[in-house]
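Residue-level structure breakdown
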Amino acid sequence: MPNTQKPLLIADHLHVKNRLNGISFELKQGEILGLMGENGAGKSTLLSALNAFIPFSGNILLSQQNLLHIPPVERAQKMAMIFQTPFVAWNLSVWQTVALGRLPWQDQNQEAIQNALKINGLEHLSLRKIAQLSGGERARVLIARAFAGNPQILLADEPFAHLDAFYQKKLVEIFQQFAQSGKSIIVALHNLRLAEKLCQRILLLKNGHFIAQGQPSLVFNDSNLKKAFNLNKNEFI
């Protein structure tokens with residue numbers, strides 16, 4: 001029987017002045033979609049546009065509704081962002097920082113916060129201040145903050161960048177479990193092998209344009225990778 005389920009997110013001819021040009025794609029329920037391209041290709045810009053953080057033209061539909069017609073609080077309940085830089089403005093405890101993920105719901109759901117800490121292996125650090133953590137630990141706290149809001153969609157900007165090999169593997173498992181629960185992820189990353197392991201589909205960007213999109217095995221050929229990175233597949237580290 002064909003899958004008639006409507007996409008969670010649709011982007012139609014997105015433009016951001018001087019940064020993105022005519023980007024269109026759909027995000028399915030339970031899908032992990034990878035954004036790849038060299039530095040400055042437009043990955044972070046695309047994630048920011050999808051969250052309505054920056055002006056754009058074109059259309060974005062979230063759960064079949066125009067993104068710009070959805071109140072910001074409701075958008076934040078449906079989508080959570082994991083930012084590239086693990087920066088926290090205040091020296092809160094780990095628990096308090098993760099609890100900020102509940103702000104769109106205007107509550108402090110203990111079960112949701114505790115579950116986010118547990119999933120990310122942070123329970124033993126819950127009373128520690130952010131300033132006392134390593135960069136990798138702070139990154140994991142901000143990932144947990146996104147999970148605390150129980151979003152339908154995670155937008156993750158290079159979430160693996162500050163993690164050691166063990167926690168990179170752990171985050172792959174966390175993301176896969178999230179997707180298996182029927183939720184979806186758009187993740188920007190640079191590691192080709194990691195993308196092959198994690199993502200069902202890849203959107204390959206160059207200078208704000210799509211070069212290719214599809215399954216990793218189809219997108220990651222020498223022709224596409226040469227256009228995107230000026231490297232052949234066997235040259236990737």
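My aim in this report is to walk through the structure given alongside it, one point at a time. (Residues numbered from 1 in each chain as written. Predicted model: local features only at pLDDT ≥ 70, side-chain atom pairs only at ≥ 80, totals over all residues. Heavy atoms only, no water.)

Let us now look at the sheet that holds strand β8 (residues 184-188). Strand order in this open sheet of 6 strands is β6-β7-β8-β3-β9-β10, and the pairing throughout is mixed. Because the sheet does not close on itself, it has two edges, and the strands there are β6 (79-82) and β10 (209-214). In this sheet, adjacent strand axes meet at a mean angle of 15° when their direction is disregarded. In this structure, strand β9 (residues 201-206) lies alongside β10, joined through 5 bridges in antiparallel fashion. (Pairing = 2+ DSSP bridges. Helix = DSSP H or I, 4+ residues; strand = E, 2+ residues; numbered from the N terminus. Axes fitted to C-alpha atoms, helices over the stretch in contact; angles between N-to-C directions.)

Right, let's talk about the pairing of strand β3 (residues 32-36) for a bit. In terms of burial, β3 is largely enclosed, as 5 of its 5 residues are buried. Side chains I32, G34 and M36 of β3 all project onto a buried face; the interleaved residues L33 and L35 project onto the opposite face, where all are buried too. As judged from the 4 bridges shared by β3 and β8, these two strands associate in the parallel manner. Each bridged residue has a counterpart across the sheet, and for I32 the counterpart in β8 is I185. (Buried < 20%, exposed > 50% of the residue type's maximum accessible area, 1.4 Å probe, protein only.)

Right, let's get into the side chain of N120. Looking at the element boundaries, N120 is found in the loop between α4 (110-119) and α5 (135-148). Residue classification places N120 among the buried positions, given a relative accessible area of 5%.

Here T45 shows up in helix α1 (residues 43-50). In this structure T45 comes out as buried when scored by relative accessible area, which is 9%.

The next thing to look at is the sheet that holds strand β5 (residues 65-66). Here 4 strands make up an open sheet; going across it, the order is β2-β1-β4-β5 and the pairing antiparallel. The open sheet has two edge strands with one neighbour each: β2 (20-27) and β5. Of the strand pairs in this sheet, strand β1 (residues 9-16) and strand β4 (residues 57-62) are connected by 5 bridges, and their pairing is antiparallel. Its bridge partner lying in β4, D12 is registered against N59. Sitting on the sheet, α1 touches β1, β2 and β4, and the angle it makes with β1 is about 120°. (Contact = heavy atoms within 4.5 Å.)

Attention now moves to the environment of G30. Mapping G30 onto the fold places it in the loop between β2 and β3. Classification of G30 as partly exposed rests on a relative accessible area of 26%. Considered as a pair, G30 and I185 are 155 residues apart in the sequence and their alpha carbons are 7.9 Å apart. Ignoring any residue separated from it by four or fewer positions in sequence, one finds G30 in contact with A179, G182, K183, S184 and Q200.

At Q106, a residue that is not glycine, the phi angle is positive and equals roughly 55°. Counting through the fold element by element, Q106 comes out in the loop between α3 (94-99) and α4. Judged by relative accessible area, which is 71%, Q106 ranks as exposed. Non-glycine residue N230 carries a positive phi angle of around 60°. Secondary-structure assignment places N230 in the segment after α9 (222-229).

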